[in-house]
Amino acid sequence: QMQLVESGGGLVQAGGSMRLSCAASGRAFSSYTMGWFRQAPGKERECVATIHWSGTRTYYADSVKGRFRISRDNAKSTVYLQMNSVKPEETAVYYCAARFGGLSYSQDDYEYWGQGTQVTVSS
């Protein structure tokens, strides 16, 4: 069982930047594809970005491409989401997730989930 703990959320003004971190306790972090998802009140959870276990391939939602960047540090068993030029509509709970498999943007493919971290973007 893998435990994921997000951090770095909080309040940020529109146009600002924020970096989210997700620390994993699993023994084989480098074998897991990692993803960031978000869920706003009254809306379905959606995939923001994912990174393949190899670290060589990534996926981004069209809405964040060019502004957000996902990365991983296997030595620290940590995955990051760098968010730049954030928008008020991106206010949501952001979740870290892991799966033993290839790149995927479907939440159904992910086995392990963190508890989420709140990101609030003020206008």
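Residues numbered from 1 in each chain as written. Predicted model: local features only at pLDDT ≥ 70, side-chain atom pairs only at ≥ 80, totals over all residues. Heavy atoms only, no water.

Quick notes on the environment of Gly15
Residue placement: Gly15 occurs in the loop between β2 (10-13) and β3 (18-24). With 11 residues separating them in the primary sequence, Gly15 and Gly26 have C-alpha atoms 35 Å apart. (Helix = DSSP H or I, 4+ residues; strand = E, 2+ residues; numbered from the N terminus.)

A closer look at the pattern of salt bridges
As enumerated under the stated definition, the model contains three salt bridges in all. Put simply, Arg38 and Glu90 hold a salt bridge, and the shortest N to O gap is 3.5 Å. Pair noted here: Arg38 is in strand β4 (residues 33-39) and Glu90 is in the loop between β8 (78-83) and β9 (92-99), with a separation of 52 residues, a long-range link. Across this residue pair, the class does not change: Arg38 and Glu90 are buried. (Salt bridge = Lys/Arg side-chain N within 4 Å of Asp/Glu carboxyl O. Buried < 20%, exposed > 50% of the residue type's maximum accessible area, 1.4 Å probe, protein only.)

Some points on the pairing of β4
Buried residues dominate β4, accounting for six of its seven residues. Pairing of β4 with strand β5 (residues 46-51), which is carried by five bridges, proceeds in the antiparallel orientation. Bridge pairing in β5 links Arg38 to Glu46. (Pairing = 2+ DSSP bridges.)

Here we look at the nonpolar core
Leu4, Met34, Trp36, Val79, Leu81, Met83 and Tyr94 are the most contacted members of the largest nonpolar core, which totals 31 residues. Where this core is concerned, the elements lending two or more residues are β3, β4, β5, β7 (68-73), β8, β9 and β11 (117-122). Non-local contacts of Leu4, meaning those with residues more than four positions away in its chain, are made with Cys22, Ala23, Ala24, Met34, Cys96, Ala97, Ala98, Tyr112, Trp113, Gly114 and Gln115. (Core = buried A, V, L, I, M, F, W, Y, C linked by side-chain atoms within 4.5 Å. Contact = heavy atoms within 4.5 Å.)

A short note on the packing of aromatic side chains
Inspection of every chain in the model, using the stated rule, returns seven aromatic pairs. Look at Phe37 and Tyr110: their rings are 5.2 Å apart centre to centre, the planes differ by 75°, and that puts the pair in the edge-to-face class. Pair noted here: Phe37 is in strand β4 and Tyr110 is in the loop between β9 and β10 (112-113), with a separation of 73 residues, a long-range link. On the numbers, 6.5 Å between centres and 75° between planes, the contact of Tyr95 with Trp113 is edge-to-face. Taken together, the residues Tyr95 in strand β9 and Trp113 in strand β10 connect sequence positions 18 residues apart. For Tyr95, a relative accessible area of 16% translates into the label buried. Trp113 gets classed as partly exposed once you look at its relative accessible area, which sits at 25%. The rings of Phe37, Tyr95, Tyr110 and Trp113 are connected pair by pair, giving a single aromatic cluster. One residue, Arg45, lies across the ring of Tyr95, its end atom 5.4 Å from the ring centre. (Phe/Tyr/Trp six-rings, centres within 6.5 Å; stacked < 30°, edge-to-face > 60°. Lys NZ or Arg CZ within 6 Å of the ring centre and 35° of its normal.)

Digging into the environment of Arg99
Mapped onto the elements of the fold, Arg99 is located in strand β9. Between the C-alpha atoms of Arg99 and Gly114, which are 15 residues apart in sequence, the distance is 12 Å.

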